[in-house]
Amino acid sequence: MMSAPVLLEMRSITKTFPGVTALSDVNLEVRQGEIHAICGENGAGKSTLMKVLSGVHPHGTYTGDIVYQGEQVRFSDIRASEQAGIVIIHQELALVPGMSITENIFLGNEPRGRFGIDWKAAQRRALELMEQVGLHEDPDTLVKDIGVGKQQLVEIAKAFAKDVKLLILDEPTAALNEADSRHLLDLLRGIRRRGVTSIIISHKLNEIEAVADTITILRDGRTIESLDVHADGVNEDRIVRGMVGRELHSRFPEHTPDIGEVFFEVRDWTVRHPISADRLVCKGSSFTVRRGEIVGFAGLMGAGRTELAMSLFGRSYGVYLSGRIFKDGEEVQLRTVSDAIRHGLAYVSEDRKAIGLNLLDDIKTSMVAAKLSKVSSHGVVDPVREYRAAEEYRQSLRVKSPSVDEGVTKLSGGNQQKVVLAKWMFTDPDLLILDEPTRGIDVGAKYEIYGIIQRLADQGKGVIVISSELPELIGLCDRIYTVFEGTVTGEVSRADADPELLMKQMTSTKKTPIR
Amino acid sequence: MSRIKDLQKNLFGGTTSNARQFGMIFTLVAIVLLFQIWTDGLTLTSGNLIAVVSQYSYILILAIGMLMVIVAGHIDLSVGSVAAFTGIVVAKAMQEFSLPWPVGILLGLAVGALIGAWQGFWVAYVGVPAFIVTLAGMLLFRGGNQYIGNADTVPVSEGFRTIGAGFLPEIGPDTGYNNLTLLLGLAACAGVIWRELKSRQTRREMNADVAPMWISVLRMAVMVGVIVFATLRFAGGRVGTSLPISGIILIALVLAYSHYTRNTIGGRHIYAVGGNSRAAELSGVKLKRVNFLVMMNMSVLAALAGMIFVARSSASGPQDGLSWELDAIAAVFIGGAAVSGGLGTISGSIVGGLVMALLNNGLQLEGVGSDMVQIIKGLVLLLAVAFDVYNKSQGRFSIIGSLMRPFRRDDPPPPTATPTSDAGKAPVAG
Ligand SMILES: Nc1ncnc2c1ncn2[C@@H]1O[C@H](COP(=O)(O)OP(=O)(O)OP(=O)(O)O)[C@@H](O)[C@H]1O
Ligand SMILES: [Mg+2]
């Protein structure tokens, strides 16, 4: 590997935003045909470095040199870098949901015939590209009708259509389930065999260890080290040490649960799809939560866990058909989100940018948004109380930002997630529903968030954690429900929880007897 | 950081909203001076200032409502027609049933509320985009005006005219000025000082940097200077004239609504809905109710503006309120609101509204024909929004903000384009 020529060299890159130095004197060397991983904590500057490389932050807005294929390059925008064969796939996919796969693949890059776009040729080429990335779908399918995993493949096919030489993937597997992730990693290996170089950013270190040839570690906007995976005997712990600068002995904080009575119960919850009337997204689901308990919901992508959570949370999803909710022994009606909040429910959504945050807000406005009454008197918001509340959460959750007056768009992904978490902790809920709470979050911050969840449980609250990462559920939860196609199919206690058992129940319709 | 830079930052828009506020007022002064020179000193005469307020207060009243509509992610094209419709209903009712004028005003507000409820219903509960609902409303209520008034003018009573053409009475000793106006000016000065001190207090409690005292003093001095100047102009006009009643109504509305939008839970909800309606809904904001109230409020204000206009021109006619929506929408955008919702302030819109009012007034003083006036106003609106869109693509805030840029030396190095995924916002559902 080390013998391959250098494809890309970024030399002492420094990039500042008003009040923040995102990158200082960063160096990166990527060799031809390798898979190069970039690791680092949230806010370390990984995405920023890739944005510098791909021209999102154009030449002149940073200092330092980029040498690509032996020549110094100065990209003025994304198109310029794409022309040179550098294609970036951002974590937020840039597909048009209402267009077909073919149309998306060739968006902005349409093959021209004599009379406008040559759709025949496009179709043919699309099929070829889809074959290459292992996407077996009708090319006329609309992108919104396929899962996130397949959408990710469409993005890659789109990159191939542009004749990519260097493919950059910013957290490509964050939203994927295990099987889709594995497929994507295999695809990356296949790409490598064809001589295409790729750079991958991920917080899933096991994947990095499995797929990368070289790892560059960033910390606080500086290059810490570059590791050769094959030579240096790199493992996850080694990467973590580079990222956080110290040894991290355990992935989960020590915790002795103090579990009380059942205080929240759902019986036969049935909800149909918002549009197609004959599709049930929740089919007679029942479950309970005890005080001080962390309850996990395991299931495949699309099993209906998010739909279940959102429909409970003030009927925010689908059309309610039947089912009852009991809280503290009494039946409650949660018809609107404000009902749900009033009854002590909180729902931290998995999609923080689309539905979790108002991206125009600053940190403090976001943090108090779900319970303004707590910092107001007579309907008037008190700026001092608002500031103090937000500042308290900023410090206790260690949100990396100079102040709570900063806009939330300026935060790195992981820090945005902490803001959303703070927003719901602020409502002082009895039952906190967390949907993929550690998606896109670094190991250190995950540990902190687990600690926060455990502290909430110790205060006698119930916590529901929806996660696609089984190790996370097993390490954190006191009890795990499995969900398959909208139905709760099983219940596993902490002592019995192991990946195989869970996997089995996550993929079978048969209800297994409870305990 | 040098002392000079410090001063510039503190005076002309540092990071605090307070500073931005001040920047806007400063901008307005610059624009006033521009017109002053252009009209050879006519703009700032007592007579003209009084005329501007009584003639164009409708723009500012509409701009207040329109700001909230636009922040929530909608638009209202029907304001001119609603104003005209209300005007004719009130004039006709007072004529036919000889209602006393206060009852007429209440009737007008009720008509506005009803129309608003009608439009709000379609927008909020049926989900028809406000653009369509109010386009329909524009025709509906214009037609209604002509139907009720037989396309004719209907005069209004003397009492009713007070709200459009009335002035503060002359009372107390003869000081050569209108005493009540002087008192108002005094109160305004006290208000400005109180606010500055209170905001210093607040910032101290939030552990934020507090500008040095001398800067606050300078800031207060400038504001007080402007208020004193305006007070003397309004109080020192022809005997019997002063700050018009419509101006007082306007000031009361501005104070109330800027408090509402900035400091209250309800106000926060409007911004939340415009910024990301789905996120707002999941935070417990009652989306439909906010949309309904915002649309309804706009029609009530339009009704009020219509009545003031009718009162001033002493009759309601079929041409009332023509192209008012343009003035109001332009005012809001010039004041820095975002086309896609979620951003904008009442004070910004007032600055924008004053710009539009002074533009109308200046062109009129110069005797520019209505053809050119329309062309110029159209271009001003287009340029204002284009400038704002351009600025946003550069990651900056707004026109007013950028007018201030030359004064801010400690600006970051050249702005960078942020990718749409970061700078963009979720689309706003109608
Ligand atoms: N447009 C911006 N304006 C201001 N600051 C920014 C901007 N973009 C990024 N930053 C700051 O730069 C730093 C690096 O951010 P970046 O997004 O590169 O982190 P990251 O390593 O990708 O983190 P994550 O793992 O959470 O995605 C952060 O402190 C962030 O707040
Ligand atoms: Mg990132």
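As the structure is a prediction and not an experimental result, all values here were calculated from the model. (Residues numbered from 1 in each chain as written. Chains lettered and ligands numbered in written order. Predicted model: local features only at pLDDT ≥ 70, side-chain atom pairs only at ≥ 80, totals over all residues. Heavy atoms only, no water.)

### A word on the site of ligand 1
And then number 1: Around ligand 1 lies a shell of 19 residues, among which N42(A), G43(A), S47(A), T48(A) and K410(A) are the nearest.
And then number 2: Taken together, the residues near ligand 1 originate from chains A and B.
And then number 3: Within the contact set of ligand 1, an oxygen atom lies 2.8 Å away from a backbone nitrogen or oxygen of G43(A).
And then number 4: Out of a free accessible area of 640 Å², ligand 1 has 89% covered by protein chains.
And then number 5: Residue assignment for the shell around ligand 1 shows that the elements contributing at least two residues are β2 (20-31), α1 (46-53) and α15 (413-425) of chain A.
And then number 6: Ranked by residues supplied to the shell around ligand 1, first place goes to α1(A) with three residues. (Near = heavy atom within 4 Å. Polar contact = N/O pair within 3.5 Å; in protein donor to acceptor, adjacent residues only side chain to side chain. Areas by Shrake-Rupley, 256 points an atom, 1.4 Å probe, with all protein chains shown as cover. Helix = DSSP H or I, 4+ residues; strand = E, 2+ residues; numbered from the N terminus.)

### Some points on the nonpolar core
And then number 1: Ranked by internal contacts, the top residues of the largest apolar core, which has 90 residues, are L62(B), I64(B), M66(B), L67(B), I70(B) and F160(B).
And then number 2: In terms of residue count, the dominant contributor to this core is helix α3 (residues 46-71) of chain B (18 residues).
And then number 3: When sequence neighbours within four positions are dropped, the list of residues in contact with L67(B) reads Y271(B), V332(B), A337(B), G344(B), T345(B), I346(B) and S349(B).
And then number 4: With 87 residues, the next largest nonpolar core counts I363(A), A389(A), Y450(A) and A457(A) among its residues. (Core = buried A, V, L, I, M, F, W, Y, C linked by side-chain atoms within 4.5 Å. Buried < 20%, exposed > 50% of the residue type's maximum accessible area, 1.4 Å probe, protein only. Contact = heavy atoms within 4.5 Å.)

### Structural notes on the interface of chain B and chain A
And then number 1: Across the boundary between the two partners, chain B contributes 34 residues, which contact 39 residues of chain A.
And then number 2: Surface buried jointly by chain B and chain A totals about 3000 Å² across both partners, of which 60% is contributed by carbon and sulfur atoms.
And then number 3: On the chain B side of the contact with chain A, M206(B), R268(B) and L282(B) bury the most area, a combined 22% of that side's loss.
And then number 4: The tally of links from chain B across to chain A stands at one salt bridge.
And then number 5: One salt bridge connects E386(A) with R268(B), and the closest N-O pair in it is separated by 2.9 Å.
And then number 6: Our enumeration of links across chain B and chain A arrives at ten residue pairs in polar contact (both at pLDDT 80 or more). (Buried area = accessible area lost by both parts, 1.4 Å probe. Salt bridge = Lys/Arg side-chain N within 4 Å of Asp/Glu carboxyl O.)

### Section: the packing of aromatic side chains
Residue and element names in this part refer to chain A.
And then number 1: A full pass over the atoms with the stated rule returns 19 aromatic pairs over all chains.
And then number 2: Ring centres 6.4 Å apart and planes at 45° place the aromatic pair F264 and F287 in the tilted group. Here the residue F264 occupies a position in strand β11 (residues 262-272), and F287 occupies one in strand β12 (residues 280-290), the gap between them amounting to 23 residues. Assigned by exposure class, F264 and F287 land together as buried.
And then number 3: One aromatic cluster is present, built from ring pairs that chain together F263, F264, F287, F297 and Y481.
And then number 4: Here R194 stacks its cationic end above the ring of F160, 4.8 Å away from the centre of that ring.
And then number 5: Over the face of the ring belonging to F263 we find R291, whose NZ or CZ atom lies 4.4 Å from the ring centre. (Phe/Tyr/Trp six-rings, centres within 6.5 Å; stacked < 30°, edge-to-face > 60°. Lys NZ or Arg CZ within 6 Å of the ring centre and 35° of its normal.)

### Examining the environment of G266(B)
And then number 1: Within the fold, G266(B) resides in helix α11 (residues 265-275).
And then number 2: Measuring from C-alpha to C-alpha, the distance between G266(B) and V290(B) comes to 8.1 Å, with 24 residues separating the pair along the chain.

### Observations regarding the sheet that holds strand β7 (residues 166-170) of chain A
All names here are of chain A.
And then number 1: With respect to topology, six strands assemble into an open sheet ordered β6-β7-β8-β3-β9-β10, the strand pairing being mixed. Unpaired on one side and paired on the other, β6 (86-89) and β10 (222-228) mark the two borders of the sheet. With strand direction ignored, the average angle separating the axes of adjacent strands in the sheet is 15°.
And then number 2: Sheet analysis places β7 next to strand β8 (residues 197-201), joined by five bridges and oriented parallel. (Pairing = 2+ DSSP bridges. Axes fitted to C-alpha atoms, helices over the stretch in contact; angles between N-to-C directions.)

### Some details on helix α8 (residues 179-205) of chain B
In an α-helix there are 3.6 residues to a turn, and that puts residues three or four apart on one side.
Residue and element names in this part refer to chain B.
And then number 1: The first and last C-alpha atoms of α8 sit 39 Å apart over 27 residues, in line with the 39 Å expected at 1.5 Å per residue.
And then number 2: Within the span of α8, buried status applies to N179, T181, G185, C189, V192, E196, S199, R200 and T202.
And then number 3: One side-chain oxygen at the N-terminal end of α8 lies 3.2 Å from the backbone nitrogen of L180; it belongs to N178.
And then number 4: Remark: N207 follows α8 within two positions and exhibits a positive phi of approximately 55°. (Expected span 1.5 Å × (residues − 1).)

### Re unusual backbone geometry
All names here are of chain A.
And then number 1: Even without being glycine, S12 reaches a positive phi, approximately 30°.
And then number 2: Relative to the helices and strands, S12 resides in strand β1 (residues 6-17).
And then number 3: Given the relative accessible area of 33%, S12 is considered partly exposed.

### Focus: the pattern of salt bridges
And then number 1: A full pass over the atoms with the stated rule returns 35 salt bridges over all chains.
And then number 2: Across the pair E265(A) and R267(A) runs a salt bridge, and its minimum N-O distance is 3.1 Å.
And then number 3: According to the relative accessible area criterion, E265(A) is partly exposed, its value standing at 23%.
And then number 4: Relative accessible area serves as the criterion here: at 35%, R267(A) is assigned to the partly exposed category.
And then number 5: We note a salt bridge from K377(B) to D327(B), for which the minimum N-O separation is 3.2 Å. Here D327(B) lies in helix α14 (residues 324-334) and K377(B) lies in helix α16 (residues 370-393), a separation of 50 residues in the sequence.

### Regarding the side chain of S349(B)
And then number 1: Inspection of the secondary structure puts S349(B) in helix α15 (residues 346-365).
And then number 2: Once residues within four sequence positions are removed from consideration, S349(B) is found in contact with A63(B), L67(B), A331(B), V332(B) and G335(B).

### Digging into the side chain of T86(B)
All names here are of chain B.
And then number 1: Summarising the element assignment, T86 is placed in helix α4 (residues 79-96).
And then number 2: The buried category is assigned to T86, whose relative accessible area is 0%.
And then number 3: Dropping the residues within four chain positions of it, T86 is found in contact with G108, V111, A303 and M307.

### Details of a nonpolar patch on the surface
All names here are of chain B.
And then number 1: A cluster of nonpolar side chains, contributed by V29, L33, W214, L218, V222 and V226, occupies part of the molecular surface with about 460 Å² of accessible area.
And then number 2: Those elements that provide at least two residues to the nonpolar patch are α2 (17-38) and α9 (213-235).
And then number 3: No other element matches α9, which puts four residues into the nonpolar patch.
And then number 4: Assignment of secondary structure puts L218 in helix α9. (Patch = residues over 30% accessible without salt bridge, like charges linked within 9 Å, V, L, I, M, F, W, Y side chains within 5 Å.)

### Re the environment of V87(A)
All names here are of chain A.
And then number 1: With respect to the secondary-structure elements, V87 resides in strand β6.
And then number 2: Along the primary structure V87 and V483 are separated by 396 residues, whereas in three dimensions their C-alpha atoms are 37 Å apart.
And then number 3: Those residues in contact with V87, other than ones at most four positions away along the chain, are E82, A159, K162, V164, L166, L167 and I168.

Purely geometric numbers; function is a separate question.
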